[in-house]
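Summary of structural features
Single-letter residue listing:
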Amino acid sequence: MSASAESASSDAVRLDVWLWAARFFKTRSLAKSVIEAGRIEINDATCKPSRAVRVGDRLRIVRGEDRYEIEVLGLSDQRGPAPVAQALYRESEESRAARQAAAEQRRLEATGYAKPATKPDKRARRLIRALGDIDAL
């Protein structure tokens, strides 16, 4: 590989490879499917998996119920340890606060439901069937 080709490849990395290397997704194909679904934006525009990521780009990532707004600080096409991967980006304080508030809200909503210790017995199943769908009322 020539010196100019090396410098050209080192200043940009494919988006799906970078998301995998930064440990946002476990596999590159999973990153690709999320990008194709439109859940990743670079500089406020949707993109393709082959889009080049450069230092300074701003990404908006929706992963499940979590939303990240990050700035790219470094490039890598190899998946490494988590501390190295976290050095590739910086999450904005607003994004971090919103994500933590949403996680706390989900935790509080989940505390109202207590999973039964055992399966319902025959009598309880008949009662459940007789009551029908209570949530539909």
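Let me begin by describing the structure that accompanies this report. Since we're looking at a predicted model, the values are computed, not measured.

In this section: the overall build of the protein chain. Looking only at helices and strands, the protein chain features six helices and seven strands. Going from N to C terminus, the protein chain has its helices and strands arranged as α-β-α-α-β-β-β-β-β-α-β-α-α. Considering the protein chain as a whole, with its 137 residues, one finds that 26% of them fall into the buried category. Taking as baseline every contact in the protein chain between residues at least 6 positions apart, the subset at least 24 positions apart corresponds to 47%. Split by element, the accessible area of the protein chain, about 9,800 Å² in all, is 52% carbon and sulfur.

Before going further, it helps to spend a moment on a positive patch on the surface. Positive charge collects at one region of the surface, where Lys119, Lys122, Arg125, Arg126 and Arg129 lie side by side. Inspection of the secondary structure puts Arg126 in helix H6 (residues 122-131).

Here we take up the pairing of strand S5 (residues 58-63). Here three bridges tie strand S2 (residues 40-42) to S5, and the two strands are oriented antiparallel to one another. The partner of Ile40 across the bridge, within S5, is Ile61. Taken together, the six bridges between S5 and strand S6 (residues 66-72) define a ladder with antiparallel strand orientation. Its bridge partner being in S6, Arg63 is matched across the sheet by Asp66. Between S5 and S6, which pair antiparallel and follow one another directly, the connecting turn spans two residues, one of which, Gly64, has a positive phi of 65°.

So, on to the layout of surface pockets. Computed from the structure, the largest pocket encloses a volume of approximately 170 Å³. Listed by contribution, the elements that provide at least two residues to the lining of the largest pocket are S2, S5, S6 and strand S7 (89-91). Along the lines of polarity and charge, the residues of the lining of the largest pocket split into three nonpolar, two polar and nine charged.

Here is what the cut-offs are and how they apply
- Residues numbered from 1 in each chain as written.
- Predicted model: local features only at pLDDT ≥ 70, side-chain atom pairs only at ≥ 80, totals over all residues.
- Heavy atoms only, no water.
- Helix = DSSP H or I, 4+ residues; strand = E, 2+ residues; numbered from the N terminus.
- Buried < 20%, exposed > 50% of the residue type's maximum accessible area, 1.4 Å probe, protein only.
- Contact = heavy atoms within 4.5 Å.
- Areas by Shrake-Rupley, 256 points an atom, 1.4 Å probe, with all protein chains shown as cover.
- Patch = residues over 30% accessible without salt bridge, like charges linked within 9 Å, V, L, I, M, F, W, Y side chains within 5 Å.
- Salt bridge = Lys/Arg side-chain N within 4 Å of Asp/Glu carboxyl O.
- Lys, Arg positive; Asp, Glu negative; His and termini not counted.
- Charge placed at Lys NZ, Arg CZ, Asp CG, Glu CD.
- Pairing = 2+ DSSP bridges.
- 1 Å grid on protein atoms, 1.4 Å probe; cavity = no way out; pocket = protein on both sides within 12 Å on 5 of 7 lines; lining within 4 Å.
- Points joined across faces, edges and corners; volume = space filled by probe spheres on them.
- Nonpolar A, V, L, I, M, F, W, Y, C, P; charged D, E, K, R; others polar.

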